[in-house]
Amino acid sequence: MKKKIILINLFIFTISCLYAKRTPPPEVPSIIHNGYEYIANYSDGFFKGKGQLIIKSVTDSEIKKTISIYTIRYNPFLEKDLQRIFIKKTELIDNNTIRIYNENDEIFDLQLINYKMKKQKTKRKPLEQS
């Protein structure tokens, strides 16, 4: 009887440890271009979250600018960690544009000359045929 109780408790403890709501955000390598480092970041607020790009000087590590890429308004009736949308990839397209991809398959272009954002079309997943 004692062995059964120990096994049941061990089973319940193991299942509760394996349960996870969400995987950690993807690691996005920074881009170094023309003396500046462009770092993908997610800022979490009380009512909203933001996907951001932090621009730091390579020589003195001073933050030059923080640019908001997209904003997410949280639904107060849902868990906040399930509503977060992280940046999953950044790439330097040409000498003056950084392309940013997020987990919702949205694509944004940041012009490095004037720091203007342009949202590209969202990638659509093909419909599954049955």
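These remarks concern the structure in this document. (Residues numbered from 1 in each chain as written. Predicted model: local features only at pLDDT ≥ 70, side-chain atom pairs only at ≥ 80, totals over all residues. Heavy atoms only, no water.)

As a further point, take a nonpolar patch on the surface. On the surface, Ile8, Phe11 and Ile12 cluster together into a nonpolar patch covering about 330 Å² of accessible area. Take Phe11: it is sitting in helix α1 (residues 2-18). Its relative accessible area of 54% is what places Phe11 among the exposed residues. (Patch = residues over 30% accessible without salt bridge, like charges linked within 9 Å, V, L, I, M, F, W, Y side chains within 5 Å. Areas by Shrake-Rupley, 256 points an atom, 1.4 Å probe, with all protein chains shown as cover. Salt bridge = Lys/Arg side-chain N within 4 Å of Asp/Glu carboxyl O. Helix = DSSP H or I, 4+ residues; strand = E, 2+ residues; numbered from the N terminus. Buried < 20%, exposed > 50% of the residue type's maximum accessible area, 1.4 Å probe, protein only.)

Reading across from one edge, β5-β6-β7-β8 is the order of the 4 strands in this open sheet, with antiparallel pairing throughout. Here the strands that pair on one side only, and so sit at the sheet edges, are β5 (87-94) and β8 (117-119). Each neighbouring strand pair of the sheet contributes to a mean axis angle of 25 degrees, computed without reference to strand direction. Inspection of the sheet shows strand β6 (residues 97-102) paired to strand β7 (residues 107-111) by 5 bridges, in the antiparallel sense. Note on β7: the bridge partner recorded for Thr97 is Gln111. (Pairing = 2+ DSSP bridges. Axes fitted to C-alpha atoms, helices over the stretch in contact; angles between N-to-C directions.)

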